[in-house]
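Chain residues, written in single-letter form:
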Amino acid sequence: MIVLNGATKHFSDYGVFAFDLTVERGSSLGVIGPSGAGKSTLLHMVAGFIELDGGQIVLEDADHTHSAPAQRPVSMVFQANNLFDHLDVAVNVGLGITPRFRRSHQAMGQVAEALAQVGLAGFEDRRPVSLSGGEAQRVALARALVRDKPILLLDEPFAALGPSMRQDFSSLLSAMQKEQGLTMLTVSHAPTELNGLCDRLAFVMDGYVAALGETASMLNDPPHPALAAYLGRRVESSFDAH
Ligand code: ADP
Ligand code: MG
């Protein structure tokens, strides 16, 4: 479970981010909203990469407001997949276990298991440059899964993928989320991609959660005028940045 209680951060040249949000254990929440709204900031608060100026973060019933990222029950797949080109796939995944990863028998077993979960069994010796965009994104997911944490955060996981790979990756995420009972937060600037993956959507605007509801009703019958406008713009232009 994820609870943000007035989780606040001031960026001097930007303004205030203040989030109130509860995500039930084992549920899948999508985070949508315009560029610069604070979607990545929200994820970074949960993961512990941003020290709060106020408020509280509770994860799996424990107060994690001040704990270090490695101490939190959280894995994150970053917006850029952050694979190291000079290291093979096994080491890239193993770095999710520990930054001092070595190819021990036990560790390689964990890596093999994570690669099998994302459909990349046997990819250990490959280099990132030899992978397709979809494969690279699945390696990044394996690196998050190998940590075996109950909360998974994904920042724009579909942005670098072509249309058919988006559907494949979304199905893989959905299956994984349900099988493992993960509590999942997925950021996307293309809300329709979250259909079938997220139970609910949070619409983030100007640094706060402006609307929250079931995915279908948020998309079909937007409860906030800014959300309606945002969704309208999506239809007209599919080229804006995130
Ligand atoms: P989104 O992911 O919704 O596009 P972000 O959460 O990345 O938006 O950030 C919104 C804005 O917050 C950024 O454009 C930036 O100006 C500001 N910001 C984010 N992180 C920092 C930081 N560490 N220091 C200063 N400003 C930041
Ligand atoms: Mg972002």
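Residues numbered from 1 in each chain as written. Chains lettered and ligands numbered in written order. Predicted model: local features only at pLDDT ≥ 70, side-chain atom pairs only at ≥ 80, totals over all residues. Heavy atoms only, no water.

**Things to note about the pairing of strand S6 (residues 74-77)**
Let me state the cut-off plainly: Between buried and exposed lies partly exposed: a residue is buried under 20% and exposed over 50% of the maximum accessible area for its type, with that area taken using a 1.4 Å probe on protein chains only. Numbering of helices and strands runs from the N terminus, with a helix taken as a DSSP run of H or I at least four residues long and a strand as a DSSP run of E at least two residues long. DSSP bridges decide pairing: two strands pair if at least two such bridges lie between them.
Burial along S6 is two-sided: Val74 and Met76 and Ser75 and Val77, pointing in opposite directions, are all buried. Where S6 lies against strand S7 (residues 151-155), four bridges are found, and the strand directions are parallel. Each bridged residue has a counterpart across the sheet, and for Val77 the counterpart in S7 is Leu154.

**Focus on the pattern of salt bridges**
The criterion, for reference: Here a salt bridge means any side-chain nitrogen of Lys or Arg lying within 4 Å of a carboxyl oxygen belonging to Asp or Glu.
The full count for this structure, using the stated rule, is six salt bridges. When the shortest N-O distance is used, the salt bridge between Arg166 and Glu193 registers 2.7 Å. Taken together, the residues span a long stretch of sequence, with Arg166 in helix H5 (residues 163-180) and Glu193 in the loop between strand S8 (183-187) and strand S9 (200-205) at a distance of 27 residues. On the basis of relative accessible area, Arg166 is assigned to the partly exposed category, the value being 28%. Judged by its relative accessible area of 19%, Glu193 is buried. Through salt bridges with shared partners, a single ionic network connects Arg25, Glu60 and Asp61.

**Comments concerning the sheet that holds strand S10 (residues 208-214)**
For the record, the criterion: Orientation is described by lines fitted to C-alpha atoms, with helices fitted over the stretch in contact, and by angles between N-to-C directions that extend from 0 to 180 degrees. We call two residues contacting when some pair of their heavy atoms lies within 4.5 Å.
Strand order across the open sheet formed by six strands is S6-S7-S8-S3-S9-S10, with mixed pairing between neighbours. Each edge of the open sheet is held by one strand with a lone partner, namely S6 and S10. Strand-to-strand, the axes of this sheet are offset by a mean angle of 20 degrees, without reference to chain direction. On the sheet, helix H1 (residues 39-47) packs against strand S3 (28-32), S6, S7, S8 and S9 and is oriented at approximately 150 degrees with respect to S7. Sheet strands touched by helix H4 (residues 133-145): S6 and S7. Its angle to S6, the strand with the most contacts, is close to 170 degrees.

**Regarding the site of ligand 1**
Under the convention used in this document: The criterion for a residue being near a molecule or strand is simple. One of its heavy atoms has to lie within 4 Å of it. Residues adjacent in sequence count toward polar contacts only when both atoms are side-chain atoms; beyond that, a polar contact is any pair of N or O atoms within 3.5 Å, and within protein one must be able to donate a hydrogen and the other to accept it. Per-residue and other accessible areas follow the Shrake-Rupley method at a 1.4 Å probe size, with only the shown protein chains counted as cover for residues. Three classes are used: nonpolar for Ala, Val, Leu, Ile, Met, Phe, Trp, Tyr, Cys and Pro, charged for Asp, Glu, Lys and Arg, and polar for all others, with Gly counted as polar.
In the region of ligand 1, the neighbouring residues are Phe11, Tyr14, Phe17, Pro34, Ser35, Gly36, Ala37, Gly38, Lys39, Ser40 and Thr41. Lys39 places a main-chain nitrogen or oxygen 2.8 Å from an oxygen atom of ligand 1. At 2.9 Å from an oxygen atom of ligand 1 is found a main-chain nitrogen or oxygen belonging to Ser40. Contact with the protein chains hides 61% of the accessible area of ligand 1, taken as 560 Å² for the molecule alone. Per-element tally for the shell around ligand 1: the top contributor is H1, with three residues. Looking at the shell around ligand 1, its residues break down into five nonpolar, five polar and one charged.

**Things to note about unusual backbone geometry**
Even without being glycine, Asp148 reaches a positive phi, approximately 55 degrees. For Asp206, which is not glycine, the phi torsion reads 50 degrees and is therefore positive. Residue placement: Asp206 occurs in the loop between S9 and S10.

**Examining the environment of Arg143**
By the element assignment, Arg143 lies in helix H4. The exposure class assigned to Arg143 is buried, which follows from its relative accessible area of 14%. Each C-alpha atom of the pair Arg143 and Ala68 lies 19 Å from the other, and the pair is 75 residues apart in sequence. Once you skip the residues sitting within four places of it in the chain, Arg143 turns out to touch Asn81, Asn82, Leu83, Phe84, Asn92, Val93 and Gly96.

Function-wise, these values are silent; they only describe arrangement.
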